[in-house]
Amino acid sequence: MSGASISVQGLAHRYGRAAAALTVLDRLDIEVDGGGYVAITGASGAGKSTLLSVLGGLDAPQRGTVVIDENDLHDLSRNGLADYRRDTVGFVFQHFGLLDTLTAAENIELACSLDGMRPRARRSRARELLEAVGLLERRDHRPTALSGGERQRVAIARALANRPRLVLADEPTGNLDDGSTERVIELLESLPADHACTLVLVTHDRRLAARAQQRYELRGGRLHPSTKVTTEHATAIGDPEEPDAVA
Ligand SMILES: Nc1ncnc2c1ncn2[C@@H]1O[C@H](COP(=O)(O)OP(=O)(O)OP(=O)(O)O)[C@@H](O)[C@H]1O
Ligand SMILES: [Mg+2]
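Now for a description of the structure that goes with this document. (Residues numbered from 1 in each chain as written. Chains lettered and ligands numbered in written order. Predicted model: local features only at pLDDT ≥ 70, side-chain atom pairs only at ≥ 80, totals over all residues. Heavy atoms only, no water.)

### Concerning the pattern of salt bridges
Working definition: two side chains of opposite charge can pair if their charged atoms are close together. Following the criterion strictly, the structure yields 12 salt bridges and no others. Here Arg-86 and Asp-87 are joined by a salt bridge, their closest N and O atoms 3.0 Å apart. What makes Arg-86 partly exposed here is its relative accessible area of 33%. Relative accessible area serves as the criterion here: at 36%, Asp-87 is assigned to the partly exposed category. One salt bridge connects Arg-163 with Glu-128, and the closest N-O pair in it is separated by 3.7 Å. Of the two residues, Arg-163 sits in the loop between α5 (148–159) and β7 (166–170) while Glu-128 sits in helix α4 (residues 119–132), which places them 35 residues apart along the sequence. We classify Glu-128 as partly exposed; its relative accessible area is 40%. Residues joined in a network through salt bridges with shared partners are Asp-83, Arg-86, Asp-87 and Asp-115. (Salt bridge = Lys/Arg side-chain N within 4 Å of Asp/Glu carboxyl O. Buried < 20%, exposed > 50% of the residue type's maximum accessible area, 1.4 Å probe, protein only. Helix = DSSP H or I, 4+ residues; strand = E, 2+ residues; numbered from the N terminus.)

This is the structure in structure tokens:
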């Protein structure tokens, strides 16, 4: 089993009505194979979070088609969208979104309970996920007793609770220092292979975006392929075309 495929055609999204309407997404297209890793950059207000809301079933698509595996989101009722979110999607946000009154393990167990898992299965799933993100020894700590990077790793574990086939991460490293950012990104990048999901990452950091298989800039309501940031890489490995590199 691999991650969910994404097929979006002509997606439009606007806020408000008539003269006051703000068109945020404008005939946007994107195709992603199951198990893919997509990074999206774009200016503040470009519509990145709006796009993730639609892909994640938080907002119904207004126009165009959005098909995630066999789910055409246009055809789903409110309840259908809620089922789709619970069964298919895992969300990771900039501000972690953990409940401060619960321990790391309990935050994950709570997410498992939404899927109707029994208490024993919930405890074992939480344990397995905390181990996967390297925080088993922190299982009884509340979020306030964890560093930012540790909180985000718990939040990623929680996003995986119900074995989502699509993980949507909105600025997941926006609140982290460089060291924590690297660890969180490595963890996210491992998800398609290790947890059989497709990953869509929104980031302001072009260096992080450059590591994805598919890279886009959201601009003018559409996704534009963005070229890989290759300069550092080329310098590090040397360019065979470069005369100096030939002995
Ligand atoms: N519920 C809403 N009602 C009206 N306008 C909204 C709503 N949500 C977002 N917008 C507007 O839509 C535009 C796109 O917002 P969105 O949050 O998708 O941008 P973004 O690319 O995620 O920005 P950022 O990088 O700052 O998070 C913005 O101009 C925003 O003000
Ligand atoms: Mg945003």
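### A short note on the site of ligand 1
In the vicinity of ligand 1, the residues found are Tyr-15, Leu-22, Val-24, Ala-43, Ser-44, Gly-45, Ala-46, Gly-47, Lys-48, Ser-49, Thr-50 and His-204. Residue Ser-49 places a side-chain N or O atom 2.9 Å away from an oxygen atom belonging to ligand 1. Across the complex, the protein chains shield 56% of the 640 Å² of accessible surface that ligand 1 would expose by itself. Broken down by secondary-structure element, the contributors of at least two residues to the shell around ligand 1 are β2 (22–32) and α1 (48–55). Among the elements that make up the shell around ligand 1, the one with the highest residue count is α1 (3 residues). (Near = heavy atom within 4 Å. Polar contact = N/O pair within 3.5 Å; in protein donor to acceptor, adjacent residues only side chain to side chain. Areas by Shrake-Rupley, 256 points an atom, 1.4 Å probe, with all protein chains shown as cover.)

### What to know about the nonpolar core
Ranked by size, the top nonpolar core spans 39 residues in total, and within it Ile-108, Leu-130, Val-154, Ile-156, Val-167, Leu-188 and Leu-191 carry the most contacts. Broken down by secondary-structure element, the contributors of at least two residues to this core are β3 (37–41), α3 (104–113), α4, α5, β7, α6 (178–195), β8 (198–202) and α7 (206–209). Excluding residues that lie within four positions of it along the chain, Leu-191 makes contacts with Ile-156, Leu-160, Val-167, Ala-196 and Cys-197. Grouped together as the second largest cluster of nonpolar side chains are 30 residues, Ile-30, Val-38, Val-66 and Leu-168 included. (Core = buried A, V, L, I, M, F, W, Y, C linked by side-chain atoms within 4.5 Å. Contact = heavy atoms within 4.5 Å.)

### A few points about the side chain of Thr-41
Note on placement: Thr-41 falls in strand β3. For Thr-41, a relative accessible area of 6% puts it in the buried group. Every residue in contact with Thr-41, bar those within four places of it in the chain, is listed here: Lys-48, Thr-203, Arg-206, Ala-209, Tyr-216, Glu-217 and Leu-218.

### Digging into α3
In terms of burial, α3 is largely enclosed, as 7 of its 10 residues are buried. Within α3, the full set of buried residues consists of Ala-104, Ala-105, Asn-107, Ile-108, Glu-109, Ala-111 and Cys-112.

### Concerning the sheet that holds strand β6 (residues 89–93)
Pairing is mixed in the open sheet, where 6 strands are placed in the order β6-β7-β8-β3-β9-β10. Because the sheet does not close on itself, it has two edges, and the strands there are β6 and β10 (222–225). Recorded for the sheet is a direction-independent mean angle of 25 degrees between the axes of neighbouring strands. Pairing geometry for β6 and β7, over 5 bridges, is parallel. Bridge assignment links Phe-91 to a residue of β7, and that residue is Leu-168. Each of β3, β6, β7, β8, β9 (214–219) and β10 is contacted by α1, which is oriented at about 160 degrees to β7, the strand it contacts most. Along the sheet face, helix α2 (residues 78–88) touches β6 and β7 and points at about 75 degrees away from the line of β6. (Pairing = 2+ DSSP bridges. Axes fitted to C-alpha atoms, helices over the stretch in contact; angles between N-to-C directions.)

Everything listed here is a matter of geometry and, on its own, says nothing about what the molecule does.
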